[in-house]
Amino acid sequence: IGSILTERIFENPVRRISRMIREYYWDGLTRRVDARHLEEALRDDKIKQQGYYLYVPNDDPFAYEYFSDAARNRPHLNLQVVVLPEKITPKYVNELEGRHGLLPLALKKTASGAVEGVPFVVPGGRFNEMYGWDSYFEALGLIADGKIDPAKAMADNFVYEIEHYGKILNANRTYYLTRSQPPFLTSMALAIYDELPNTNASRQWLKTALDAAIKE
C-alpha cells in the first residue's frame, strides 16, 4: 500500500484541480480516429441506429484504403466504409438518415512507419468526435498547461477538415457536414505559433494553417 503524501492532503483545492487537469484529465479526454481506437471513435450515443458507418473524403484514397483494411480486420464492428461524393449537399446529408457515421480526421506516420490518427481533445467524456467551437478554448487551456503539441495537433485536424470537407465542421460526424462553427482557426494558430521555436518549420506550419483559413 502506497503512502499518502501530506502535501496532497492539504493541497490548495484550486491548485489541486489545476494539477489534476494538467496531469490526468487532458489524457482522459484525448481521442484519435485510427484503427487502434476505431471502436471508441465510432461510438455515438447521440443517435440510435444499427451498425457503424465511416465516410471518407472523396479526395483521400489513402484514408479509404487504410480504414477499409481496418474494417476487414474487425468484422465484429459491422463497419461499412463509404466514400463521400465530391459535392456534399444538404439533400445528400438528409438522405443519410439511419446511416449516419464518423468522418475521419488527419492521419500521420510515426518514426517506425506505423499509421496513427492525429490526436484531439473532446469537451467531455461522452464525446468521441472533435468539435469546432470547443477545440479553440481547449487549445488555450492546453497552451496554458504547456501542452503545445496536442494543441498543434488539433489545428492540424482543422486544416484537414477544411482541405477535405470544405469547412471546420461543428464536429466530425456526417450529420454535421452542413454545419460549421465561428472561424477561430487564425486565433488558434497564432496562439500556438507564439509558443513554437523560431524556425522555418514553425513559420511553414503557420503558413499552412493561414492558407487553410483563407481557403475556408
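To keep things clear, this report deals only with the structure shown in the data block.

About the thresholds
Residues numbered from 1 in each chain as written. Predicted model: local features only at pLDDT ≥ 70, side-chain atom pairs only at ≥ 80, totals over all residues. Heavy atoms only, no water. Phe/Tyr/Trp six-rings, centres within 6.5 Å; stacked < 30°, edge-to-face > 60°. Buried < 20%, exposed > 50% of the residue type's maximum accessible area, 1.4 Å probe, protein only. Helix = DSSP H or I, 4+ residues; strand = E, 2+ residues; numbered from the N terminus. Contact = heavy atoms within 4.5 Å. Core = buried A, V, L, I, M, F, W, Y, C linked by side-chain atoms within 4.5 Å. Salt bridge = Lys/Arg side-chain N within 4 Å of Asp/Glu carboxyl O. 1 Å grid on protein atoms, 1.4 Å probe; cavity = no way out; pocket = protein on both sides within 12 Å on 5 of 7 lines; lining within 4 Å. Points joined across faces, edges and corners; volume = space filled by probe spheres on them. Nonpolar A, V, L, I, M, F, W, Y, C, P; charged D, E, K, R; others polar. Polar contact = N/O pair within 3.5 Å; in protein donor to acceptor, adjacent residues only side chain to side chain.

**As for the packing of aromatic side chains**
Each aromatic ring pair is specified by the distance between its two centres and by the angle formed by the two planes. Under the defined criterion, the tally for this structure stands at twelve aromatic pairs. Seen in terms of ring centroids, Tyr-66 and Phe-67 are 4.9 Å apart; in terms of plane orientation they differ by 80 degrees. Their pairing is edge-to-face. Of the residues examined, Tyr-66 reaches a relative accessible area of 15% and is grouped as buried. Classification of Phe-67 as buried rests on a relative accessible area of 0%. Among the aromatic residues, those joined into a ring-pair cluster are Phe-127, Tyr-131, Tyr-175 and Tyr-176.

**Observations concerning the environment of Asp-60**
Its place among the elements puts Asp-60 in the loop between strand S2 (52–56) and helix H4 (61–72). By relative accessible area, Asp-60 is classed as buried at 13%. Put simply, Asp-60 and Phe-10 are 50 residues apart on the chain and 53 Å apart in space, counted from C-alpha to C-alpha. Leave out the neighbours within four places in its chain, and Asp-60 touches Tyr-160 and His-164.

**Some points on the nonpolar core**
With 62 residues, the main nonpolar core has Leu-38, Leu-54, Phe-67, Leu-79, Met-154, Met-188 and Ile-192 as its most contacted residues. The element best represented in this core is helix H7 (residues 148–165), accounting for ten residues. Each residue touching Leu-79, except ones within four places of it in the same chain, is listed here: Leu-38, Leu-42, Tyr-52, Tyr-53, Leu-54 and Ala-71.

**Some remarks on the environment of Lys-147**
If you trace the backbone, Lys-147 turns up in the loop between helix H6 (132–144) and H7. Judged by its relative accessible area of 24%, Lys-147 is partly exposed. The spacing of Lys-147 and Ile-192 is 45 residues in sequence and 10.0 Å in space, taken between C-alpha atoms.

**Notes on the pattern of salt bridges**
Think of it this way: side chains of opposite charge can pair up when their charged atoms draw near. The final tally for this structure, using the stated rule, is 14 salt bridges. Between Arg-72 and Asp-69 there is a salt bridge; the shortest N-O distance is 3.7 Å. With Arg-72 and Asp-69 both in helix H4 and three residues apart, this pair spans about one turn of that helix.

**Quick word on the layout of surface pockets**
Of the volumes computed, that of the largest pocket is approximately 300 Å³. Along the walls of the largest pocket sit 17 residues, with Arg-32, Pro-119, Asp-149, Pro-150 and Ala-153 positioned nearest its centre. Looking at the lining of the largest pocket element by element, the count peaks at six residues for H7. Residues belonging to the lining of the largest pocket are distributed by class as follows: nine nonpolar, one polar and seven charged. If you add up the space inside the second largest pocket, you get close to 230 Å³. Taken together, 16 residues form the lining of the second largest pocket, with Glu-86, Ile-88, His-164, Tyr-165 and Gly-166 sitting closest to its centre. Sort the elements by how many residues they give to the lining of the second largest pocket and H7 lands first, with four residues. For the lining of the second largest pocket, the residue count by class is seven nonpolar, four polar and five charged.

**Looking at the side chain of Asp-44**
Take Asp-44: it is sitting in the loop between helix H3 (38–42) and S2. Only 2.8 Å separates the side chain of Asp-44 from the side chain of Lys-46, close enough to count as a polar contact. Within the structure, the side chain of Asp-44 is placed 2.6 Å from the side chain of Tyr-175, a separation counted as a polar contact. Contacts of Asp-44, omitting those with residues within four sequence positions, involve Glu-129, Arg-173 and Tyr-175.

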